[in-house]
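Next come the chains, spelled out residue by residue.
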Amino acid sequence: MTKETYLHEAIEVLRECAALMEKKGKDYQGGSVCDDDYYPHGWKSFDTMLNTKLLRFRSVMEQEGDVNFDSADDCLRDLINYASRCVVWLNRRSQQEHLENEELVNDKPPGYFPE
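Residues numbered from 1 in each chain as written. Predicted model: local features only at pLDDT ≥ 70, side-chain atom pairs only at ≥ 80, totals over all residues. Heavy atoms only, no water.

### Digging into the overall build of the chain
Next up, step 1: Of the regular secondary structure elements, the chain holds 3 helices and 0 strands.
Next up, step 2: Across the chain, helices and strands are ordered from the amino to the carboxyl terminus as α-α-α.
Next up, step 3: Buried residues in the chain amount to 15% of all 115 residues.
Next up, step 4: A total accessible area of about 9,800 Å² is found for the chain, and carbon and sulfur atoms account for 55% of it. (Helix = DSSP H or I, 4+ residues; strand = E, 2+ residues; numbered from the N terminus. Buried < 20%, exposed > 50% of the residue type's maximum accessible area, 1.4 Å probe, protein only. Areas by Shrake-Rupley, 256 points an atom, 1.4 Å probe, with all protein chains shown as cover.)

Shown next, in the form of structure tokens:
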């Protein structure tokens, strides 16, 4: 008896999302604009983006697919990619805080001599 699993198909969706992120990233990066510029309000920027995509998904589903542009699939792939960007942002912030705390611990006042 084989057990049905979504795992392999889900992994393929994640690969496709990664390819989409890479492709779209080329359009979003350029000139003086960098990643952090898209998140001026920190985690609240992600909260807004994720909520907007979730509302768009709900709107598409309630219209039963009778929409002109974004499909439910498009909305969900955007959610996956924004969520993964948020994870990266959180990890970078955590690493930065760790480094700053380490600097405070290691930063000794002038003339400090341990006994």
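Once you've had a look at it, read on.
### Overview of the packing of helix α2 (residues 43-62) against helix α3 (residues 72-106)
Next up, step 1: Taken N-terminus to C-terminus, the directions of α2 and α3 make an angle of 165°; their axes are 9 Å apart at the nearest point. When the axes of α2 and α3 are compared, the pair comes out roughly antiparallel. Crossing angle aside, the handedness with which α2 passes α3 is left-handed. For the pair α2 and α3, the contacting residues are W43, F46, M49, L50, K53, L54, R56, F57, V60 and M61 in the first and A72, C75, L76, D78, L79, Y82, A83, R85, C86 and W89 in the second. (Axes fitted to C-alpha atoms, helices over the stretch in contact; angles between N-to-C directions. Parallel < 35°, antiparallel > 145°, perpendicular 65-115°, else oblique. Left-handed = near helix turned anticlockwise from the far one by under 90°. Contact = heavy atoms within 4.5 Å.)

### Considerations on the environment of G42
Next up, step 1: Secondary-structure assignment places G42 in the loop between α1 (7-28) and α2.
Next up, step 2: A relative accessible area of 15% places G42 in the buried class.
Next up, step 3: Residues G42 and R93 lie 51 residues apart in sequence; the distance between their C-alpha atoms is 9.6 Å.

### Looking at the nonpolar core
Next up, step 1: Y39, F46, M49, C86 and W89 form the largest nonpolar core, which has 5 residues in total.
Next up, step 2: Those elements that place two or more of their residues in this core are α2 and α3.
Next up, step 3: If we skip the residues at most four places from it in the chain, Y39 touches S45, F46, M49, R85 and W89. (Core = buried A, V, L, I, M, F, W, Y, C linked by side-chain atoms within 4.5 Å.)

### Here's the deal with α2
Next up, step 1: Taking 1.5 Å of rise per residue, 20 residues should cover 28 Å, and α2 covers 28 Å from first to last C-alpha, within 8% of that figure.
Next up, step 2: The elements touched by buried residues of α2 are α3.
Next up, step 3: Immediately downstream of α2, the backbone of E64 shows phi near 50°, a positive value. (Expected span 1.5 Å × (residues − 1).)

### Describing the side chain of R77
Next up, step 1: Relative to the assigned elements, R77 resides in helix α3.
Next up, step 2: Overall, R77 belongs to the buried group, its relative accessible area being 16%.
Next up, step 3: Setting aside residues no more than four positions away along its own chain, R77 makes contact with V13, E16, C17 and L20.

### Brief notes about a nonpolar patch on the surface
Next up, step 1: Taken together, Y28, V33 and Y38 make up a surface patch of nonpolar side chains, about 260 Å² in accessible area.
Next up, step 2: Examined against the element boundaries, Y28 turns out to sit in helix α1.
Next up, step 3: Since its relative accessible area comes to 44%, Y28 is described here as partly exposed. (Patch = residues over 30% accessible without salt bridge, like charges linked within 9 Å, V, L, I, M, F, W, Y side chains within 5 Å. Salt bridge = Lys/Arg side-chain N within 4 Å of Asp/Glu carboxyl O.)

### Some remarks on the pattern of salt bridges
Side-chain pairs of opposite charge can arise where the charged atoms are in close proximity.
Next up, step 1: Applying the stated criterion to the full structure yields 8 salt bridges.
Next up, step 2: One salt bridge connects K24 with D78, and the closest N-O pair in it is separated by 3.2 Å. Remark: D78 occurs in helix α3 and K24 occurs in helix α1; sequence separation between them is 54 residues.
Next up, step 3: Classification of K24 by relative accessible area gives partly exposed; the value is 33%.
Next up, step 4: When salt bridges with common partners are traced through the structure, they connect E16, D73 and R77 into a single cluster.

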